[in-house]
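So you can see what is in the structure, the chains are spelled out below.
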Amino acid sequence: MDTASTSQNKILFYTKRITGAALLLALAATFFYSAYSKSGVKFQGFYLVSDINAFDSFQWTFLDLGINSILAAGIIARMMIGFELLLGIFLVFHIFLRSFTYPAIITILSIFIIYLLIIILKQGNSGNCGCFGDKVAMKPLAAIWKNVAMIAVTILLMYIYPVKPYKYQEFYCMALALVAFSMPFVVNNIDPTTNPEPYSKPIDLGLLYKYTPAPIEELRTGKHLIAFMSLTCPHCKKAAYLLHVIHLEHPDIPMFIVLDGPEAFKQKFFDETHAEDIPNLYYFKHTAEFIQLAGPGVPSIYLVNNGKIEYKGDYYHLDPGFLERWYRKK
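Along each chain, the written sequence defines residue order, and numbers are assigned to residues from 1. Local features in this predicted model are restricted to residues of pLDDT 70 or higher, and side-chain atom pairs are both shown and tallied only at a pLDDT of 80 or more, whereas totals for entire chains, interfaces and linings draw on every residue. The basis for every side-chain value is the complete set of heavy atoms in the structure, and neither hydrogens nor water enter the calculation.

Here we take up the overall build of the chain. Helices and strands together make up the secondary structure of the chain, namely 10 helices and 8 strands. For the chain, the C-alpha atoms occupy an extent of roughly 95 × 40 × 40 Å along the three principal directions. Every one of the 330 residues in the chain was classed for burial, and the buried ones make up 47%. Counting contacts in the chain only where the partners sit at least 6 residues apart, residues at least 24 apart contribute 71% of the total. Only the protein chains shown count as cover for residues, and all accessible areas are computed by the Shrake-Rupley method using a 1.4 Å probe. Here the chain has roughly 16,700 Å² of accessible surface; of this, 65% comes from carbon and sulfur atoms. Here a strand is any run of E in DSSP of at least two residues, a helix any run of H or I of at least four, and the numbering for each starts at the N terminus. With a 1.4 Å probe rolled over the protein chains alone, any residue whose accessible area is under 20% of its type maximum counts as buried; one over 50% counts as exposed, and the rest are partly exposed. The contact criterion used throughout is that any non-hydrogen atoms of two residues lie within 4.5 Å.

This is the structure:
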């Protein structure tokens, strides 16, 4: 082999190594940021603190997939975040790249693509898919292209960056896995209280029938979940999205949303929450009555039985299994 050929081979080798290392670090950074953005963690000075709001949408994804418990959905969501963190760590430390890490990345991203395609078929290409939590809003189709690009990078790395397994890595990979899977549970503790608070108070739902338009449904008799929300309230949007998710899986539970706020925000509210499939009433210009029904703050979510509130709660305490049992109870 002549000197020129040897020099070209060296240049090609180092080009592949440098390119591969850069792509690998970029891929790892994406997994780290994805786990961070969905985990409900933020920096406050030099400290990490929990921000449960950023975790909600990802947790509720598993309710949409048929999990009938907020607690179970929360555990699965934390495990998935831990798995993303694990993939990022394994990439950085070059752990089982060809035998496990690369195939695992392709598999998990393919599953995400299938889920996103289902979302598009059910809801269209609107709203935030939650791939990067509340940090970066991304529509489902954009998220699909992002995942396709990551799969392409992974396949390229399989050919240009085939690092041999390190000696004894099967031992210290267990410690790294323990750190990755425990971190989401440490920074975002599980709240085992998932049921609404017992409450006994009559509610004058006749006020909703005082003006035109009025609810088509008869809310004054029977059992109903009634939610009072503002079109401009970010927590109301989260609550409305959760109710939409529960409604898809439990359409038999009667739900009704009473909305207040400027009409210009109405379409945006439904675009973000997809809650237009839940019967609702736009109750604008009746502020005094709205406050009398909802109380001083929103969202106000009540489980009403024949005009009497039996339970109240926020969207953290709307366990689908509990709602189903409450509705079925005679």
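Let us look at unusual backbone geometry. Cis geometry is adopted by the peptide bond preceding proline 213, which originates at threonine 212 and carries an omega value of 5°. Looking along the chain, the bond that leaves valine 298 and enters proline 299 is cis, with omega of 5°. As for its placement among the helices and strands, proline 299 is situated in the loop between helix 9 (287-294) and strand 7 (300-305). Phi at phenylalanine 96 takes a positive value of approximately 45°, unusual for a residue other than glycine. Tracing the sequence through the fold places phenylalanine 96 in the loop between helix 3 (70-92) and helix 4 (97-123). You will see that asparagine 306, though not glycine, has its phi angle at about 55°, which is positive. Tracing the backbone shows asparagine 306 in the loop between strand 7 and strand 8 (308-313).

Turning our eyes to something else, we now look at the side chain of lysine 146. Structurally, lysine 146 is set in helix 5 (residues 140-160). Charge counting treats Lys and Arg as positive and Asp and Glu as negative, with His and both chain ends excluded. Here, a salt bridge means any side-chain nitrogen of Lys or Arg that lies within 4 Å of a carboxyl oxygen of Asp or Glu. Nearest to the buried, unbridged lysine 146 among oppositely charged side chains is glutamate 84, at 6.3 Å. Excluding residues within four positions of it along the chain, lysine 146 makes contact with Cys131, Phe132 and Met138.

Moving on to the pattern of salt bridges. Side chains that differ in charge, positive against negative, can pair when their charged atoms come close. One pass over the structure, following the stated rule, counts 6 salt bridges. We note a salt bridge from glutamate 289 to lysine 210, for which the minimum N-O separation is 3.7 Å. With a gap of 79 residues between them, glutamate 289 in helix 9 and lysine 210 in the loop between strand 3 (197-202) and strand 4 (223-230) connect regions that are remote in the sequence. For glutamate 289, a relative accessible area of 12% gives the class buried. We note a salt bridge from glutamate 272 to lysine 237, for which the minimum N-O separation is 3.4 Å. Of this pair, glutamate 272 sits in helix 8 (residues 266-273) while lysine 237 is found in helix 7 (residues 234-249), placing the two residues 35 residues apart along the sequence.

What makes two strands pair is DSSP finding at least two bridges between them. Where strand 3 meets strand 8, 4 bridges bridge the pair, whose relative direction is antiparallel. Note that in strand 8 the partner of proline 198 across the bridge is tyrosine 311. The turn joining strand 7 and strand 8, which pair antiparallel and follow one another in sequence, is formed by 2 residues; a positive phi near 55° is taken by asparagine 306.

We now examine the packing of aromatic side chains. Only rings of Phe, Tyr and Trp enter the pairing, Trp through its six-membered ring, and a pair is recorded when the two centres are within 6.5 Å. The plane angle decides the type: under 30 degrees is stacked, over 60 is edge-to-face, the rest tilted. Within the structure shown, the criterion is met by 10 aromatic pairs. Seen in terms of ring centroids, phenylalanine 269 and phenylalanine 270 are 5.6 Å apart; in terms of plane orientation they differ by 80°. Their pairing is edge-to-face. Note on phenylalanine 269: relative accessible area 1%, which makes it buried. Judged by relative accessible area, phenylalanine 270 falls into the buried class, the value being 8%. An aromatic cluster of at least three residues, connected via ring pairs, comprises Tyr33, Tyr36 and Phe132. In our convention, an over-ring charge means Lys NZ or Arg CZ found within 6 Å of a ring centre and within 35 degrees of that ring's normal. Between lysine 38 and the ring centre of phenylalanine 58, over which it is positioned, the NZ or CZ distance is 5.1 Å. Sitting over the face of the ring of tryptophan 326, lysine 223 holds its NZ or CZ atom 5.1 Å from the ring centroid.

The next subject is the pairing of strand 4. It is a general feature of regular strands that their side chains alternate between the two faces of the sheet. Counting buried positions over the 8 residues of strand 4 gives 8, a clear majority of the element. Of the two faces of strand 4, the one lined by Lys223, Leu225, Ala227 and Met229 and the one lined by His224, Ile226, Phe228 and Ser230 are each fully buried. The sheet contact formed by strand 4 and strand 7 spans 6 bridges and is antiparallel. What sits directly across from alanine 227, in strand 7, is isoleucine 301. Where strand 4 meets strand 5 (residues 255-260), 6 bridges bridge the pair, whose relative direction is parallel.

For soluble globular proteins, the rule of thumb is that nonpolar side chains tend to be buried together. Counting residues in each nonpolar core, the largest one holds 78 residues, and the members touching the most others are Leu91, Leu225, Met229 and Leu243. With 12 residues, the top contributor of residues to this core is helix 3. Residues within four places of leucine 243 in sequence aside, it is in contact with Leu225, Ala227, Met229, Met255, Ile257, Ile278 and Leu318. If you look at the next biggest cluster of nonpolar residues, it comprises 18 residues, including Ile226, Tyr283, Leu293 and Ile309. To qualify as a nonpolar core, a set must consist of buried Ala, Val, Leu, Ile, Met, Phe, Trp, Tyr and Cys residues joined through side-chain atoms within 4.5 Å.

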